[in-house]
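One letter stands for each residue in the lines below.
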Amino acid sequence: DTEVTQTPKHLVMGMTNKKSLKCEQHMGHRAMYWYKQKAKKPPELMFVYSYEKLSINESVPSRFSPECPNSSLLNLHLHALQPEDSALYLCASSRDYTYNEQFFGPGTRLTVL
Amino acid sequence: QKEVEQNSGPLSVPEGAIASLNCTYSDRGSQSFFWYRQYSGKSPELIMSIYSNGDKEDGRFTAQLNKASQYVSLLIRDSQPSDSATYLCAVDIQGAQKLVFGQGTRLTINP
C-alpha cells in the first residue's frame, strides 16, 4: 500500500471545466511534487513545495495552479485545459528537498475532451 | 548531452538470467541516484537508492555506482516475468531541488 494517496484515480473533463486533483502523504515528509507523465516518457516535474515554499517549472502553463493547504496535502487546480494536457498526473513526496528519495502516489489519469 | 541517459531498449532477457540496466549522467556533483520500476499504466515505484561508490544489494537487485565514470547500473538476478516493466534511472541534480529522470529502459523477461 502506498503512503501517498491521490484522488481521483481517473478524471474526464471538458476544456471549459474547473477541476482539482488531490494528494496526501502520510510519511511526515516536508517536500511534495507534482509531475506530468505522457505515454512512453519519463515524469516531467511541474511544481515543488518544500517547507511551504513553492518552486515552479516555468514551462508549466498558468492553467495549472498548485495549492498546499498544509505540509501533508497538495492540490492541483485545473482550468481551461487543452486536449494535449491529457496525461498521468503524479504526486510524490520526499523527506525534504535535500534528501530527494521520492515516493510516488498511484497517479490520476486525466483525459481532456 | 542529456543530463541522464539510458538505453531505451527494449531489452529482452530469458527467465532466470541476469538483466543489466545502465545509466550515465552528466552532473559531476550529483550525490544521490535512484532506480524506479514502472509497470504499464502504473506509477513509478522506488526499488533502489544508492549514494556511495560500489555495490548495494537488496534481494535480487544490485545497484552499482561509479562516480568517477558517472555511471550507475541495476542488475536483476534470477529474472522473473514479473520483472517485465520500464526501469527509470533518476539522479538528484545538486542544488536543483529536483530529480532528473532518464528516458527509461523497457525490460521484457521471456518465460
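Please refer to the structure higher up on the page.
What you see is a predicted model, and the numbers here were worked out from it, not measured in a lab. (Residues numbered from 1 in each chain as written. Chains lettered and ligands numbered in written order. Predicted model: local features only at pLDDT ≥ 70, side-chain atom pairs only at ≥ 80, totals over all residues. Heavy atoms only, no water.)

**Some points on the overall build of chain B**
Working step 1: Helix and strand counts for chain B come out as 0 helices and 11 strands.
Working step 2: Listing the helices and strands of chain B from first to last along the sequence gives β-β-β-β-β-β-β-β-β-β-β.
Working step 3: A compact globule built from 111 residues should have a C-alpha radius of gyration of about 13 Å, and chain B, at 13 Å, falls within 12% of that.
Working step 4: Taken along its principal axes, the extent of the C-alpha atoms in chain B is 45 × 30 × 20 Å.
Working step 5: Counting over 111 residues, chain B shows a buried share of 46%.
Working step 6: Long-range contacts, defined as pairs at least 24 residues apart, comprise 54% of the intrachain contacts of chain B with a sequence gap of at least 6.
Working step 7: Accessible area for chain B stands at about 5,200 Å²; split by element, carbon and sulfur atoms hold 44% of it.
Working step 8: Each charge sign in chain B was given a centre, from 10 positive and 11 negative side chains, and these centres are 4 Å apart. (Helix = DSSP H or I, 4+ residues; strand = E, 2+ residues; numbered from the N terminus. Rg over C-alpha atoms; globule rule 2.2 N^0.38 Å. Buried < 20%, exposed > 50% of the residue type's maximum accessible area, 1.4 Å probe, protein only. Contact = heavy atoms within 4.5 Å. Areas by Shrake-Rupley, 256 points an atom, 1.4 Å probe, with all protein chains shown as cover. Lys, Arg positive; Asp, Glu negative; His and termini not counted. Charge placed at Lys NZ, Arg CZ, Asp CG, Glu CD.)

**Observations regarding the pattern of salt bridges**
All names here are of chain A.
Working step 1: Tallied over the full model, the rule gives 5 salt bridges over all chains.
Working step 2: Between Lys-36 and Asp-85 there is a salt bridge whose closest N-O contact spans 4.0 Å. Note that Lys-36 is positioned in strand 4 (residues 31–37) and Asp-85 in the loop between strand 8 (73–79) and strand 9 (87–94), a separation of 49 residues in sequence. With respect to burial, Lys-36 and Asp-85 carry one shared label: buried.
Working step 3: The shortest N-O distance in the salt bridge between Arg-63 and Asp-85 comes to 2.7 Å. Taken together, the residues span a long stretch of sequence, with Arg-63 in the loop between strand 6 (53–56) and strand 7 (64–70) and Asp-85 in the loop between strand 8 and strand 9 at a distance of 22 residues.
Working step 4: Its relative accessible area of 22% is what places Arg-63 among the partly exposed residues.
Working step 5: Within the structure, one salt-bridge network assembled from shared partners comprises Lys-36, Arg-63 and Asp-85. (Salt bridge = Lys/Arg side-chain N within 4 Å of Asp/Glu carboxyl O.)

**Thoughts on the packing of aromatic side chains**
Two descriptors summarise a pair of aromatic rings, namely the distance from one centre to the other and the angle between the planes of the rings.
Working step 1: Counted under the stated rule, the structure contains 9 aromatic pairs over all chains.
Working step 2: Feature note: the residues Tyr-33, Tyr-35 and Phe-104 of chain A together with Tyr-36 and Phe-101 of chain B constitute an aromatic cluster, connected by ring pairs.
Working step 3: Positioned above the aromatic ring of Phe-61 of chain B, the side-chain terminus of Arg-60 of chain B is 5.6 Å from the ring centre. (Phe/Tyr/Trp six-rings, centres within 6.5 Å; stacked < 30°, edge-to-face > 60°. Lys NZ or Arg CZ within 6 Å of the ring centre and 35° of its normal.)

**Comments concerning the interface of chain A and chain B**
Working step 1: Opposite the 23 residues of chain A that make contact, chain B presents 18 residues.
Working step 2: At the boundary of chain A with chain B, total buried surface from both sides reaches about 1,500 Å², with 55% on carbon and sulfur atoms.
Working step 3: The tally of links between chain A and chain B comes to 5 residue pairs in polar contact (both at pLDDT 80 or more).
Working step 4: Counting residues per element, the ones that place at least two in the side of chain A that touches chain B are strand 4, strand 5 (44–50), strand 9 and strand 10 (103–104) of chain A. (Buried area = accessible area lost by both parts, 1.4 Å probe. Polar contact = N/O pair within 3.5 Å; in protein donor to acceptor, adjacent residues only side chain to side chain.)

Read these as spatial facts, not as claims about activity.
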